[in-house]
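# Structure assessment
Residues per chain are reported as follows:
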Amino acid sequence: MRDHVFRHRHLLGIEGLTADDIGHVLDLADGYVELSRQPEKKCSTLHGRTLINCFFENSTRTRTSFEVAGKRLGADVINMAVAVSSMKKGETLIDTAMTLNAMRPDVLVVRHPESGAVQLLSEKVDCAVINAGDGGHEHPTQALLDALTIRRRKGRLGGLTVAICGDVLHSRVARSNIALLNAVGARVRVVAPRTLLPAAVERLGVAVFHDMAAGLKDVDIVMMLRLQLERMHGSFVPSTREYFHFFGLDYDKLKLAKPDALIMHPGPMNRGVEIGSEVADDIDRSLVRQQVEMGVAVRMACLEILGRGPAASNGPPLK
Ligand code: ASP
């Protein structure tokens, strides 16, 4: 897969990537997992390149993960937190894009609360743009790190059954994971109350379940999602206590999955709401910490692929 041609200038979503594109990123990332486990973790792949982290929405793990990834590749990393409260959408976003562009970065990593905003910004700049989460739309590096975590543990992605449980409606993580898992030939289920599923969700290529007992039966991976209260305007669940009773993951519900089923969560976790502490911290079943480790490696791979610019990359920019 090393000589695979990644024909995309930006990483705006999983939508549009082929199984080979995904495999290429994961293969490169495997190497960066090994590098990151060495005492000397730094290489010079992006020496002299500039990466700007531009976050219009709060983030701890994703921003830090990109920062660590960029530094390990030898890039100069600048973090910009942009306050959204006073932002006049549209015009200000484009102004910001033009300002950043004039500083001649090589990669912009952008998170924004509005779906589509990162794509809009990518159309205004000359460098590569990586979407670090745009509203409820996509979070491609999360899906790639989840895929790397699963592939390293299970040895494959194709043929596995993955249940994505909880607040699918507000989740960009779910959307990116559904696209990726379908692209690589896994079977995807969503398990959620009707109020937390988008309309016509089955069109995304998933089997739909409304109770955990049926939804978790014989699955290989149980992927829990955070109840995204900050994106809810109105009442979507009767109470968080009742939600945990019906949809929160505990050992009773986990028993229904395959005996070697593994648990994932993109973080941050609401303990006692969508996941019980005892399962979240089960070192044999929970992959939550591995997901964070794989996040750095996957972001190093994405930065390597996109950060060298058209001259050094292995194909013409298509997007
Ligand atoms: N950290 C993930 C995101 O940014 C998941 C979450 O916030 O629940 O979408």
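In what follows, the structure referred to is the one given above.
Below, the structure is looked at part by part. (Residues numbered from 1 in each chain as written. Predicted model: local features only at pLDDT ≥ 70, side-chain atom pairs only at ≥ 80, totals over all residues. Heavy atoms only, no water.)

### Considerations on the sheet that holds strand E8 (residues 221-224)
- Overall, parallel pairing links the 5 strands, which are arranged E7-E6-E5-E8-E9 in an open sheet. Here the strands that pair on one side only, and so sit at the sheet edges, are strand E7 (207-209) and strand E9 (262-264). In this sheet, adjacent strand axes meet at a mean angle of 20° when their direction is disregarded.
- Summarising the sheet, strand E5 (residues 161-165) and strand E6 (residues 187-191) pair through 5 bridges and their orientation is parallel. Bridge pairing in E6 places Ile164 opposite Val190. (Pairing = 2+ DSSP bridges. Helix = DSSP H or I, 4+ residues; strand = E, 2+ residues; numbered from the N terminus. Axes fitted to C-alpha atoms, helices over the stretch in contact; angles between N-to-C directions.)

### Let's talk about the packing of helix H5 (residues 140-154) against helix H6 (residues 172-183)
- Relative to each other, H5 and H6 sit at 55°, their axes nearing to 8 Å. On the basis of their axis angle, the class for H5 and H6 is oblique. For the crossing formed where H5 meets H6, the hand is right-handed. Note on element contacts: H6 touches H5 through Val173, Ser176, Asn177 and Leu180, opposite Pro140, Gln142, Ala143, Leu144, Asp146 and Ala147.
- Partitioned by chemical class, the residues of the contact of H5 with H6 number 6 nonpolar, 3 polar and 1 charged. (Parallel < 35°, antiparallel > 145°, perpendicular 65-115°, else oblique. Left-handed = near helix turned anticlockwise from the far one by under 90°. Contact = heavy atoms within 4.5 Å. Nonpolar A, V, L, I, M, F, W, Y, C, P; charged D, E, K, R; others polar.)

### Here's the deal with the environment of Lys41
- If you trace the backbone, Lys41 turns up in the loop between helix H1 (19-36) and strand E1 (50-55).
- Exposure remark for Lys41: the relative accessible area of 28% places this residue in the partly exposed category.
- Taking the C-alpha atoms as reference, Lys41 lies 26 Å from Cys127; in sequence the two are 86 residues apart.
- Those residues in contact with Lys41, other than ones at most four positions away along the chain, are Leu35, Ser36 and Arg72.
- Reaching out from Lys41, the side chain makes a polar contact with the backbone oxygen of Gln38 at a distance of 3.0 Å. (Buried < 20%, exposed > 50% of the residue type's maximum accessible area, 1.4 Å probe, protein only. Polar contact = N/O pair within 3.5 Å; in protein donor to acceptor, adjacent residues only side chain to side chain.)

### Things to note about the side chain of Glu274
- Relative to the helices and strands, Glu274 resides in the loop between E9 and helix H10 (277-280).
- In this structure, Glu274 is buried with no salt-bridge partner, the nearest side chain bearing the opposite charge being Arg226 at 6.2 Å.
- Here the side chain of Glu274 touches His265 through a polar contact of 2.8 Å, side chain to side chain.
- Beyond its immediate chain neighbours, meaning those up to four positions away, Glu274 contacts Met224, Leu225, Arg226, Leu227, Tyr243, Phe247, Gly248, Leu249, His265, Pro268 and Met269. (Lys, Arg positive; Asp, Glu negative; His and termini not counted. Salt bridge = Lys/Arg side-chain N within 4 Å of Asp/Glu carboxyl O.)

### Topic: the side chain of Thr141
- In this fold, Thr141 is placed in helix H5.
- By relative accessible area, which is 0% here, Thr141 ends up buried.

### Concerning the nonpolar core
- Membership of the largest hydrophobic core comes to 88 residues, with the highest contact counts inside it found for Val109, Ile130, Leu144, Ile164, Val222, Leu249 and Leu303.
- When residues of this core are assigned to their parent elements, the largest contribution, 10 residues, is made by helix H11 (residues 288-307).
- Look past the residues within four positions of Leu303 in its chain and what remains in contact with it is Leu46, Leu51, Phe66, Ala69, Gly70, Leu73, Val107, Val109, Ile130 and Arg308. (Core = buried A, V, L, I, M, F, W, Y, C linked by side-chain atoms within 4.5 Å.)

The values are spatial; any link to function lies outside them.
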